[in-house]
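Spelled out from the first residue to the last, the chains are:
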Amino acid sequence: MLRVAVVGSGPSGCYTAQSLVQQNSEVVVDVLDRLPCPYGLVRYGVAPDHEKIKSLQNNLRTVLEHERVRFLGGVRIGPGGVPTARLRELYHAVVYCVGAATDRRLGIPGEDLPGSWSATEFVSWYSAHPDTATDGFVVGARSAVVIGVGNVAVDVTRMLARGLAELSPTDMPQAALAALAASQVTAVHMVGRRGPSQARFTTKELRELGGLPGTGITVDPAELSLDPAYTDPSGLPAAPRRNVEVLRGWAGTPPDDTAPHHIHLRFFLRPVALLADAGRVAAVRFERTAPDGRGGVSGTGVFEEIEAQLVLRSVGYRGVPLEGLPFDTATGTVPHLAGRVLREGAVTPGEYVAGWIKRGPTGVIGTNRPCAKETVISVLEDTAALLHKHLPDDPLTALRAEGVRPVEWAGWQAIERAEAELGAALGRGVVKLPDWQSLMNAAHSSTV
Ligand SMILES: Cc1cc2nc3c(=O)[nH]c(=O)nc-3n(C[C@H](O)[C@H](O)[C@H](O)COP(=O)(O)OP(=O)(O)OC[C@H]3O[C@@H](n4cnc5c(N)ncnc54)[C@H](O)[C@@H]3O)c2cc1C
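Quick caveat, the model's predicted, so the values are computed rather than measured.

### With respect to the sheet that holds strand S3 (residues 69-72)
Here is step 1: Strand order in the open sheet formed by seven strands is S3-S2-S1-S4-S18-S17-S16, with mixed pairing between adjacent strands. What marks the edges here is a single partner per strand, and that holds for S3 and strand S16 (336-337).
Here is step 2: The sheet contact formed by S16 and strand S17 (residues 340-343) spans two bridges and is antiparallel. In the sheet register, Leu-337 faces S17, and the bridge partner there is Arg-340.

Right, here's the structure in full:
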């Protein structure tokens, strides 16, 4: 049997495991994750009110329940956990599917002021990621600025505008639900530095903002018209053209001034500094930009400030280097050839990558499937050479002997039961456990 470790149980890890066992009956796979819960960003990124996308977890579950696949949660690979070199001794091949765990920075003064957060931190909070440090995101805030105009920016904007009735049926943790329900944020400004035709959100996500109960949408037709492709969208590809059509519809409708929440969509504004009052963020200073005729924008020397006690920076994700693996700092990815890890231009036998750490943080969940397939083809082509390696009998026995105590599938199922019980006790559906201790207590309750 070819024994493969897949590091990361997000979409790319699950699709890699699926493809391996589907394409070859002589393969066994361990899927390791540093978290006791599987599914990566499908559990800890996809917005809780997007139940249909969330339900993709059911498809990934069938992979992890396959008879030749084993889930080993709560096992960190790298510093503080199992070294990558040790993993290579335990498996014929290791496929790293560790995603892109950090956010890009703006690099402007005031970025780290209290009240300024990356969208990653905010998303992790409402998704119950156990590394979340605070429940205080919206405390004291009336006006929020979201910097960025991609789908994650739309997600966090929408979550700030949603009320208790809409959030309560989700699996959002109770503390986040209570905080958002009590939030005094009435204005959310979502701001892009380029024009509306260049925004990266998809039309479905954008349109959804217009249907939020109790929420008015404001766009400034004069600002939108700075974009030549807004005025004449005929040359645009279908996706941005549809976005422009949605924005045109809103520009032609008077905003609902009676709505308790307002979303202001702003364009051609580049953040230059976050401004403080009493040691906390109080506003964002922007420079007005204008199209430079080459698809970019340039500054105009005209400045504007938008009040904000909460700032969420949503300008992209970035991979982080994993000890023992090469890393391209320019792209935030591991260099590879069809999924085979490259060290100084040469293929490293037995080491592979898939998903965001391979191709960067782009695409939808489904994009990870062909990406994983390409890597699996490489693994299976290398099988004959990989099988020469002598391995200990069972990597799990070896890991346990070294003090590693993985959360196995039964442990994850115990977490699921605990989340269902918590929800029932709160009069809600499933409610996620938000901290390490309650997750590990639940997981280990399956073994006592
Ligand atoms: C906020 C947000 C919302 C999104 N919403 C949508 C959406 O609605 N629809 C859609 O199609 N796509 C969405 N996406 C994109 C989608 O989530 C990604 O395409 C996908 O999750 C990438 O898969 P991945 O497996 O490469 O990484 P991830 O999903 O990030 O999985 C990586 C896994 O590796 C584990 N890991 C990391 N480091 C280690 C380590 N050292 N040791 C062990 N384990 C480790 C992590 O715990 C994690 O489980 C969203 C992305 C974000 C950020």
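### Considering the nonpolar core
Here is step 1: Grouped together as the largest cluster of nonpolar side chains are 49 residues, with contacts concentrated most on Phe-122, Tyr-126 and Leu-265.
Here is step 2: Counting residues per element, this core draws most heavily on helix H7 (residues 151-161), at six residues.
Here is step 3: Filtering out sequence-adjacent residues up to four positions away, Leu-265 remains in contact with Met-190, Leu-206, Leu-209, Thr-218, Val-219, Glu-223, Leu-247 and Trp-250.
Here is step 4: Formed by 42 residues, the second largest nonpolar core is a distinct cluster that contains Leu-60, Ala-354, Ala-372 and Trp-409.

### A few points about the UniProt feature "binding site: NADP(+)" (unreviewed entry) in the protein
Here is step 1: UniProt marks Arg-193, Arg-194, Glu-205 and Gly-363 with the feature "binding site: NADP(+)" (unreviewed entry), using the numbering shown here.
Here is step 2: Note that Arg-194 resides in the loop between strand S8 (187-191) and helix H10 (203-210).
Here is step 3: Taking the relative accessible area as the measure of exposure, Arg-194 reaches 29% and is therefore partly exposed.
Here is step 4: In this structure Arg-194 touches Phe-267, Phe-268, Gly-295 and Val-297, once residues within four positions along its chain are discounted.
Here is step 5: For Gly-363, the position within the fold is in the loop between helix H14 (356-359) and helix H15 (368-381).
Here is step 6: A relative accessible area of 51% means that Gly-363 is categorised as exposed.

### Things to note about the site of the ligand
Here is step 1: In the neighbourhood of the ligand, 30 residues make up the surrounding shell, with Ser-12, Asp-33, Ile-77, Trp-356 and Ile-365 lying closest.
Here is step 2: Measuring from an oxygen atom of the ligand, one finds a side-chain N or O atom of Ser-12 at 2.6 Å.
Here is step 3: For the ligand, an oxygen atom lies 2.9 Å from a polar atom in the backbone of Leu-41.
Here is step 4: Against a free-state accessible area of 1,000 Å², the protein chains account for coverage of 90% of the ligand.

### Structural notes on the UniProt feature "binding site: FAD" (unreviewed entry) in the protein
Here is step 1: The UniProt entry lists Ser-12, Leu-41, Ile-77, Trp-356, Gly-363, Val-364 and Ile-365 under the feature "binding site: FAD" (unreviewed entry), expressed in the numbering used here. A maximum C-alpha distance of 25.4 Å is found for the annotated residues, which run over 354 residues; spatially they are spread out rather than grouped.
Here is step 2: Its location among the elements puts Ile-77 in the loop between S3 and helix H5 (84-90).
Here is step 3: If near-sequence neighbours (up to four positions away) are discounted, Ile-77 is found in contact with Val-7, Leu-32, Val-82, Thr-84, Leu-87 and Leu-322.

### Thoughts on the pairing of strand S10 (residues 261-266)
Here is step 1: Of all six residues making up S10, five are buried, and the element is well covered by its neighbours.
Here is step 2: Examined bridge by bridge, S8 and S10 share five bridges and lie parallel to one another. Across the sheet, Val-188 pairs through a bridge with Ile-263, a residue of S10.
Here is step 3: In this sheet, S10 lies alongside strand S9 (residues 215-219) in parallel orientation, the contact comprising five bridges. Across the sheet, the residue bridging to Ile-217 is Ile-263, located in S10.

### So, H10
Here is step 1: Three or more residues of H10 are buried, namely Thr-203, Glu-205, Leu-206 and Leu-209. Considered in projection along H10, the buried side chains sweep an arc of 165° and stay on one side of the axis.
Here is step 2: Where H10 is buried, its residues touch H7, S9, helix H13 (238-251) and S10.

### Description of the pairing of strand S18 (residues 346-353)
Here is step 1: Here three bridges tie strand S4 (residues 93-96) to S18, and the two strands are oriented parallel to one another. Considered in S18, the bridge of Val-95 is made with Tyr-352.
Here is step 2: By the bridge criterion, three bridges tie S17 to S18 in an arrangement that is antiparallel. If you follow Leu-342 over to S18, its bridge partner there is Val-347.
Here is step 3: Where S17 folds back on S18, the antiparallel hairpin that results is connected by two residues, among which Glu-344 adopts a positive phi of roughly 45°.

### A word on the packing of aromatic side chains
Here is step 1: Following the criterion strictly, the structure yields eight aromatic pairs and no others.
Here is step 2: Between Trp-117 and Phe-137, the ring centres sit 4.4 Å apart and the planes meet at 50°, which makes this aromatic pair tilted. Pair noted here: Trp-117 is in strand S6 (residues 116-118) and Phe-137 is in the loop between helix H6 (119-126) and strand S7 (143-147), with a separation of 20 residues, a long-range link.
Here is step 3: Classification of Phe-137 by relative accessible area gives buried; the value is 2%.
Here is step 4: Put simply, the rings of Trp-117, Phe-122, Trp-125, Tyr-126 and Phe-137 touch in pairs and so form one group of aromatic residues.
Here is step 5: Over the face of the ring belonging to Tyr-230 we find Arg-248, whose NZ or CZ atom lies 4.8 Å from the ring centre.

Criteria and cut-off values
Residues numbered from 1 in each chain as written. Predicted model: local features only at pLDDT ≥ 70, side-chain atom pairs only at ≥ 80, totals over all residues. Heavy atoms only, no water. Pairing = 2+ DSSP bridges. Helix = DSSP H or I, 4+ residues; strand = E, 2+ residues; numbered from the N terminus. Core = buried A, V, L, I, M, F, W, Y, C linked by side-chain atoms within 4.5 Å. Buried < 20%, exposed > 50% of the residue type's maximum accessible area, 1.4 Å probe, protein only. Contact = heavy atoms within 4.5 Å. UniProt positions renumbered as here; feature names shortened; annotations may be inferred. Near = heavy atom within 4 Å. Polar contact = N/O pair within 3.5 Å; in protein donor to acceptor, adjacent residues only side chain to side chain. Areas by Shrake-Rupley, 256 points an atom, 1.4 Å probe, with all protein chains shown as cover. Arc of directions from axis to C-beta. Phe/Tyr/Trp six-rings, centres within 6.5 Å; stacked < 30°, edge-to-face > 60°. Lys NZ or Arg CZ within 6 Å of the ring centre and 35° of its normal.

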